Amino acid sequence: VGCDGAHSVVRHTLDLAFPGEAVDRRWLLADIEIDQETDPHAMRAEASAAGVVALFPIGKSRWRIIADGGPDDENTERAEPSHEEIQALLDTRTSTEWKITTIHWKSEFRVSERQIENYVHGRVTLAGDAAHVHSPAGGQGMNTGIQDAANMAWKIALVEKGGAPETLIATYQEERHPVGEEVLKSTGRMLRTIMVSNPIVRHFRDTAIHIGLSIPAIRRQLTEFLSEENITARGSRLCGPGICRGAVQPGDAFPHVPLEQQGQRMLSTDLLRGNEATAIVWGKAAEQPLPSHFGIGECGFPLKRCSLDTAGDIEALGKKFALTQSGCILVRPDGVVAAAGVSTAVVGETFEQWQ
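Quantities reported herein were computed from a predicted structural model and do not represent experimental measurements.

Enquirer: I'd love a proper account of the overall build of the protein chain, names of residues and values included.
Expert: Along its length, the protein chain carries eight helices and 17 strands. Counting the 355 residues in the protein chain, one finds 44% classified as buried. Positive and negative side-chain charges in the protein chain, numbering 35 and 47 respectively, have mean positions lying 3 Å apart.

Here it is as structure tokens:
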């Protein structure tokens with residue numbers, strides 16, 4: 001498994017092409033301590049003709065700063081920014097009036113937008129920056145890499161345990177390559193929007209952002225995009241049966257909604273904690289048998305049965321899947337819904353199609 005970054009030795013050893021392009025801009029990074037306490041729950045971004053400055057809170061007085069350092073001059077040797085350069089960015093490009101007391105870490109970087117064509121090469125797989133690199137706009141890099149690893153790890157483990165044929169690992173490419181491709185496109189669009197220098201275009205951009213962020217539906221969509229909660233693998237060959245009317249379908253992340261069981265308030269995702277794979281059942285489905293393992297035959301991961309008491313409040317969860325009186329939801333080890341239906345038969349049907 002190659003998780004060894006943008007300059008991946010694994011990728012180079014396999015002599016794999018890394019198609020894409022570099023963005024001709026210099027970007028500055030620093031973790032700074034300032035001379036006052038601020039709101040640690042809100043990020044800031046200010047744009048000017050000189051470029052954008054984005055500030056992300058790490059604490060009441062500590063911030064991460066990312067700033068456009070201007071066009072990249074190939075003849076200039078790369079060097080990390082100075083204390084004076086970072087302070088000048090705050091003084092000339094923001095309205096904060098902050099004074100830096102300490103710089104904990106600083107660096108500079110260039111943005112590349114690249115992705116390998118296939119994440120799986122026989123018994124070698126690649127993940128994270130070894131497979132795709134892109135703009136930091138939107139902060140998508142870490143989440144995307146972690147999701148790569150979560151998707152890949154259980155598949156390799158299941159094959160090693162004999163719970164699935166080796167062809168299962170090919171679905172890592174099927175499910176994650178489109179996600180990486182979309183992240184490259186969306187972060188690229190965001191970066192180029194941020195980098196606009198024409199004052200008239202900047203005015204229209206800022207007005208559109210201001211109006212857009214005042215609309216709750218757009219704010220919600222932006223939140224889902226930035227948190228990557230709307231990532232889906234619908235259509236994957238691993239997806240079992242679902243209910244066509246359901247808002248959540250096989251391939252989607254298991255939803256995060258409130259429940260009440262035995263008089264205790266909880267969240268639906270609490271049902272997954274500590275389990276390798278989970279089957280959530282209620283109503284008539286709770287009386288039906290389930291396989292002992294997640295996988296083909298008696299191999300694979302232990303399948304945890306989680307029976308819900310219908311006397312409690314499970315309405316929010318049932319609505320997500322268009323299931324009311326009876327339901328069975330099969331959840332993969334990476335928190336993705338594998339199947340949903342009115343009976344436990346959907347579990348066996350899902351495993352059968354993997355063979």
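The discussion continues.
Enquirer: Help me get a handle on the pairing of strand E5 (residues 62-71), residues and values and all.
Expert: Relative to E5, strand E2 (residues 25-34) runs antiparallel, the two sharing eight bridges. Across the sheet, Trp 27 pairs through a bridge with Asp 68, a residue of E5. Alignment of strand E4 (residues 51-57) against E5, held across five bridges, turns out to be antiparallel. In the strand pairing of E5, Ala 54 is matched with Ile 66. Between the antiparallel neighbours E4 and E5 lie four residues.

Enquirer: Go over the packing of aromatic side chains with me, naming the residues and quoting the values.
Expert: Summed over all chains, the structure comprises nine aromatic pairs. With a centroid separation of 6.2 Å and 40° between ring planes, the pair formed by Trp 154 and Trp 354 is classed as tilted. A residue pair is termed long-range when its members are at least 10 positions apart, and Trp 154 in helix H3 (residues 141-160) and Trp 354 in the segment after helix H8 (345-352) qualify at 200 residues. There is no split in this pair, since Trp 154 and Trp 354 are both buried. An angle of 70° between the planes, with centres 5.5 Å apart, marks the rings of Phe 294 and Trp 354 as edge-to-face. Residue Phe 294 is located in strand E14 (residues 293-294), and its partner Trp 354 is located in the segment after H8; the two are separated by 60 residues in the primary sequence. Accessibility classification places Phe 294 together with Trp 354 in one group, the buried group. An aromatic cluster is defined as three or more aromatic residues linked by ring pairs; in this entry it consists of Trp 154, Phe 294, Phe 301, Phe 351 and Trp 354. Positioned above the aromatic ring of Phe 18, the side-chain terminus of Arg 11 is 3.8 Å from the ring centre.

Enquirer: How would you explain the nonpolar core if you had to name every residue and give the values?
Expert: Judged by nonpolar contacts, the single largest core of 34 residues is most densely connected at Trp 154, Leu 158, Leu 168, Phe 294, Leu 330, Val 347 and Trp 354. At four residues, H3 tops the list of elements feeding residues into this core. With residues up to four places along the chain from it excluded, the contact list for Val 347 reads Leu 290, Pro 291, Leu 303, Cys 328 and Leu 330.

Enquirer: Account for the sheet that holds E2, with residues named and values stated.
Expert: Here five strands make up an open sheet; going across it, the order is E3-E4-E5-E2-E6 and the pairing antiparallel. Each end of this open sheet is capped by a strand with a single partner; those strands are strand E3 (44-48) and strand E6 (100-109). The mean inter-strand angle of the sheet, taken between neighbouring strand axes irrespective of direction, is 15°. On the sheet, helix H2 (residues 83-93) packs against E2, E3, E4, E5 and E6 and is oriented at approximately 100° with respect to E6.

Enquirer: Pulling in residues and values, what's your account of unusual backbone geometry?
Expert: In this structure, Glu 97 takes a positive phi of about 60° despite not being glycine. Residue position: Glu 97 is located in the loop between H2 and E6. For Glu 97, a relative accessible area of 68% gives the class exposed. Phi at Ala 322 is positive, roughly 60°, even though this residue is not glycine.

Enquirer: Lay out the sheet that holds strand E17 (residues 337-341) in plain terms, naming residues and giving numbers.
Expert: Read across the open sheet, the five strands follow the order E14-E15-E13-E16-E17; overall the sheet is mixed. Edge strands, defined here as strands with exactly one partner in the open sheet, are E14 and E17. The pairing of strand E13 (residues 277-282) with strand E15 (residues 301-307) spans five bridges and is classified as parallel. When the bridges of E15 are listed, Ala 277 appears paired with Leu 303.

The rules we used
- Residues numbered from 1 in each chain as written.
- Predicted model: local features only at pLDDT ≥ 70, side-chain atom pairs only at ≥ 80, totals over all residues.
- Heavy atoms only, no water.
- Helix = DSSP H or I, 4+ residues; strand = E, 2+ residues; numbered from the N terminus.
- Buried < 20%, exposed > 50% of the residue type's maximum accessible area, 1.4 Å probe, protein only.
- Lys, Arg positive; Asp, Glu negative; His and termini not counted.
- Charge placed at Lys NZ, Arg CZ, Asp CG, Glu CD.
- Pairing = 2+ DSSP bridges.
- Phe/Tyr/Trp six-rings, centres within 6.5 Å; stacked < 30°, edge-to-face > 60°.
- Lys NZ or Arg CZ within 6 Å of the ring centre and 35° of its normal.
- Core = buried A, V, L, I, M, F, W, Y, C linked by side-chain atoms within 4.5 Å.
- Contact = heavy atoms within 4.5 Å.
- Axes fitted to C-alpha atoms, helices over the stretch in contact; angles between N-to-C directions.

Interpretation in functional terms is not warranted from these geometric data alone.
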